[in-house]
Structure formats: structure tokens, C-alpha cells
Amino acid sequence: MLRRPRRNRVSPAIRGLAQETHLEVGHLVFPLFLVDGSNVRNEVPSLPGIYRFSLDNLLKEVDECMNLGLTNFIMFPAVPDQFKDKMATYSYDPKNFYLKAAMEIKKRFPESCLISDVAMDPYSVDGHDGVVKGGKIVNDETLPVLAKMSVAQAIAGFDILGPSDMMDGRVGVMREALDEAGFTDTGIMAYTAKYASAFYGPFRDALDSAPRESEDIPKDKKTYQMNPANKREALIEAELDTTEGADFLMVKPALNYLDVIHLLKENFELPIAAYHVSGECAMLIAACQNGWLDFEKAMPETLLSLRRAGTDVIITYFAKDFAKRQR
Ligand code: PBG
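Scope of this entry: the structure provided in the associated data block.

Calculation rules
Residues numbered from 1 in each chain as written. Predicted model: local features only at pLDDT ≥ 70, side-chain atom pairs only at ≥ 80, totals over all residues. Heavy atoms only, no water. Helix = DSSP H or I, 4+ residues; strand = E, 2+ residues; numbered from the N terminus. Rg over C-alpha atoms; globule rule 2.2 N^0.38 Å. Buried < 20%, exposed > 50% of the residue type's maximum accessible area, 1.4 Å probe, protein only. Contact = heavy atoms within 4.5 Å. Near = heavy atom within 4 Å. Polar contact = N/O pair within 3.5 Å; in protein donor to acceptor, adjacent residues only side chain to side chain. Areas by Shrake-Rupley, 256 points an atom, 1.4 Å probe, with all protein chains shown as cover. 1 Å grid on protein atoms, 1.4 Å probe; cavity = no way out; pocket = protein on both sides within 12 Å on 5 of 7 lines; lining within 4 Å. Sits in = over half its atoms within 2 Å of the grid points. Nonpolar A, V, L, I, M, F, W, Y, C, P; charged D, E, K, R; others polar. Expected span 1.5 Å × (residues − 1). Points joined across faces, edges and corners; volume = space filled by probe spheres on them. Phe/Tyr/Trp six-rings, centres within 6.5 Å; stacked < 30°, edge-to-face > 60°. Core = buried A, V, L, I, M, F, W, Y, C linked by side-chain atoms within 4.5 Å.

### Focus: the overall build of the protein chain
Secondary structure assignment for the protein chain yields 11 helices and 12 strands. Relative to a compact globule of 327 residues, whose C-alpha radius of gyration would be 20 Å, the protein chain shows 20 Å and is just as compact. Here the C-alpha coordinates of the protein chain stretch approximately 70 × 45 × 40 Å along the principal axes. Looking at the protein chain as a whole, 54% of its 327 residues qualify as buried. A separation of at least 24 residues holds for 74% of the contacts in the protein chain among residues at least 6 apart in sequence.

Below, the structure written as C-alpha cells:
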């Protein structure tokens with residue numbers, strides 16, 4: 001036999017030379033759940049090992065991560081009901097604990113990269129990412145809210161804003177509002193192909209942000225998040241986000257959508273991010289807790305598969321676990 005592929009697998013050193021894909025802590029983004037108050041460190045039941053922190057404890061968590069070389073974070077707020085309304089006005093209120101927390105994190109850890117969430121759902125009594133009117137999510141009336149939220153987040157010091165709402169035209173509206181306010185260096189990581197997925201359950205538990213059950217409120221997000229059956233449609237979204245000024249294109253969820261990640265990587269020049277979502281992480285944790293899979297091996301293999309498919313930036317609840325094992 002002239003060709004023996006096994007020759008390149010003979011030893012760890014040779015396997016290292018032949019390795020095509022690499023995974024480093026610098027590729028990872030760690031999601032953080034913030035609650036109001038102090039001294040809170042509350043585990044998410046459906047996502048063991050992940051906590052909701054008040055700012056005091058969140059700063060300790062960020063400090064630990066920074067010491068592990070993990071510098072990138074995406075933060076989400078769990079907003080108390082009394083601050084929620086139809087128009088998500090608390091999202092751009094200067095008293096908002098999420099904005100104040102971002103300011104504090106960036107002051108204490110200026111070398112960190114802090115990514116926000118731009119969407120109405122954490123602040124909305126209806127639990128939807130856009131304005132609900134006449135039983136519908138109205139696109140164009142949502143855009144000014146997202147623009148105000150974006151400027152407030154830029155003022156708070158977020159490095160990159162993450163529109164997760166899937167409204168049409170939002171990246172352009174955000175870019176314009178940011179530039180007008182002088183935040184030309186604040187980036188946008190667009191949730192480009194965000195699917196109406198069953199894998200967001202633990203996240204909605206963590207933030208209590210599921211659509212509210214009521215006759216006149218759509219019970220799911222299918223009129224704005226993408227149909228899991230579609231792939232070509234992701235090209236349309238990516239084209240729009242690119243022309244509207246996005247800096248990163250994201251696919252979400254990640255593992256069930258490796259083909260979409262690959263497609264965007266092949267067709268666009270912007271860095272591609274993938275959100276390895278709560279339900280995807282919870283499945284693996286549950287199997288490992290049952291003794292059915294070995295976390296030490298299954299976790300890095302999972303993250304590596306995202307890199308192999310073409311992901312530049314991996315948002316994953318395993319970021320800290322991975323960083324710890326690199327030390
Ligand atoms: C909402 C938002 C969601 C996630 C990130 N931003 C949930 C949703 O769209 O209902 C999910 C993340 C995860 O499951 O880890 N704007």
C-alpha cells in the first residue's frame with residue numbers, strides 16, 4: 001500500500017503535526033446571568049454548574065475567569081417583574097442594574113471583552129423579543145426600542161452588542177444610532193441565523209423570560225426566529241446583516257446547525273460565531289451525570305466540532321470548564 005493514512009496517527013507528536021483544527025480559550029465566550037441585589041449565587045436547576053449571580057459575586061466569577069485566561073463574556077439580565085412593561089423601557093433606563101453592572105465590570109476588568117444582549121424579552125411583560133400588538137410581534141415599532149437599548153449599552157461600556165431579537169432591519173438601525181451617538185467603535189455581533197429552537201429551555205428558566213401564556217400573545221417565537229428546516233434563508237439574513245454593518249455573524253443553536261455554520265463560513269468574510277445554547281449543554285451534562293458519557297472527553301470534542309465546522313467564536317456554558325483544564 002502506497003497510501004497509509006494511519007502513518008499520520010502513529011504518535012501524539014505526529015498527530016499534533018497533522019492536526020487540522022485547534023481550540024483555544026481565546027475562541028470562547030462565557031455566558032453570565034445577572035440578577036439584581038447582593039450576595040446571590042443561585043444555580044440554574046436545568047443547567048447544573050451555571051449560576052445566576054448578583055453583581056458582587058459576578059465580579060468574583062469574572063475575576064476567576066480572567067485568571068484562567070478566559071476574557072470574553074456575554075451577559076444576560078434576569079429582570080424583576082416590577083421593572084417589566086409592554087415597551088421594555090427599563091432596558092434603557094440609566095438606573096438599570098444590568099447597565100450599571102456592565103460599567104463596573106469594564107471598570108474593574110478593562111481588558112475583558114463584554115458582549116450584551118439586545119432584545120426586549122428580559123424586560124417585556126409579554127416575554128417576546130419585540131413589541132406585541134393585536135396578537136402580533138410588530139417589527140418596525142420594535143426598532144426604536146432596540147436603538148435606545150443599544151445606545152444605553154454602549155454608554156455603559158459594552159464592547160460588542162448582541163442583537164438576539166431577529167427583527168428585520170435591526171442591525172442597520174443599531175449601527176446608525178451608535179454612530180450618531182459617537183460609538184463608532186462599539187461592535188455588533190448579529191444573531192444572524194437564530195432558529196425557533198426547542199433548545200433554549202434552560203436559558204428561559206434561568207431568566208424567567210419565556211413568552212407569557214395568554215390568549216392574545218403568540219406562544220412561540222416562530223414569526224421572527226427562523227424555521228429549523230431552512231438553510232438557504234440563512235444566506236439572506238447573513239447578506240442583510242453584512243450590508244447593515246454587522247461585525248460578526250452568529251448561528252444559534254450550534255450543534256444541530258453545523259451545516260449552517262459551514263455555509264456562512266464559506267460564503268462570508270466576517271468572523272462566524274456559534275451559540276452552543278443552554279439545551280445543548282444541558283444534554284451533555286445530564287448524560288455525564290448519569291455516567292453515560294465522560295465529560296473530560298465529550299466536552300472538548302464537542303467544542304472542537306464547532307471549530308471544525310468553521311466557527312471562529314464559540315459561546316458556550318463550558319467556557320470556564322475548558323479554561324480550567326488548559327491550566
Ligand atoms: C433571547 C435569547 C434567548 C437566548 C439568548 N437570547 C432565548 C430565546 O430566544 O428565547 C438563548 C440562549 C440559550 O439557550 O443558551 N433574546
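### Structural notes on the site of the ligand
In the neighbourhood of the ligand, 18 residues make up the surrounding shell, with Lys194, Arg204, Lys252, Ser278 and Tyr317 lying closest. Between the ligand and Asp121, the relevant distance is 3.1 Å, taken from a nitrogen atom to a side-chain nitrogen or oxygen of the residue. Contact distances for the ligand include 2.8 Å between an oxygen atom and a side-chain N or O atom of Lys221. Summarising the interface, the protein chains cover 100% of the accessible area of the ligand, which totals 400 Å² for the free molecule. For the ligand, the cavity whose grid points lie within 2 Å of the majority of its atoms is the largest cavity. Considered class by class, the residues forming the shell around the ligand number eight nonpolar, three polar and seven charged.

### Notes on helix H3 (residues 97-108)
With 12 residues, H3 ought to run about 16 Å at 1.5 Å a step, and its terminal C-alpha atoms sit 16 Å apart, in line with that. All of the buried residues along H3 are Phe97, Tyr98, Leu99, Ala101, Ala102, Ile105 and Lys106. Of the surrounding elements, those touching the buried residues of H3 are strand E1 (28-35), helix H2 (55-67), strand E4 (72-78), strand E5 (113-115) and helix H4 (139-156). If you check the start of H3, you find a side-chain oxygen 2.6 Å away from the backbone N of Tyr98, and it comes from Asn96.

### Regarding empty space enclosed by the protein
This model, assessed by the stated rule, comprises one cavity of 30 Å³ or more. Forming the boundary of the largest cavity are 14 residues, of which Asp121, Lys194, Phe203, Lys221 and Lys252 lie nearest the centre. Listing elements by their share of the lining of the largest cavity, those giving two or more residues are strand E9 (187-194) and helix H6 (201-207). Here the lining of the largest cavity is built from residues that sort into five nonpolar, three polar and six charged.

### Here we look at the packing of aromatic side chains
Taken as a whole and judged by the stated rule, the model has 14 aromatic pairs. Ring geometry for Tyr90 and Tyr123: centres 6.3 Å apart, planes at 55°, overall tilted. Taken together, the residues Tyr90 in the loop between E4 and H3 and Tyr123 in the loop between E5 and strand E6 (131-133) connect sequence positions 33 residues apart. Neither residue differs from the other here; Tyr90 and Tyr123 are each classed as buried. Judged by centre distance (5.3 Å) and plane angle (35°), the rings of Tyr98 and Phe158 are tilted.

### Side note on the nonpolar core
Counting residues in hydrophobic clusters, the biggest one holds 109 residues, and the most contacted among them are Phe33, Met75, Met189 and Tyr275. Setting aside residues no more than four positions away along its own chain, Met189 makes contact with Ile115, Ile160, Leu161, Gly162, Pro163, Phe248, Met250, Ala273, Val313 and Ile315.

### Regarding unusual backbone geometry
In this chain, Lys252 is followed by Pro253 through a cis amide linkage whose omega measures -10°. Within the secondary structure, Pro253 is located in the loop between strand E10 (248-252) and helix H8 (258-267). Even without glycine at this site, Ala88 takes up a positive phi of about 55°. Topologically, Ala88 is positioned in the loop between E4 and H3.

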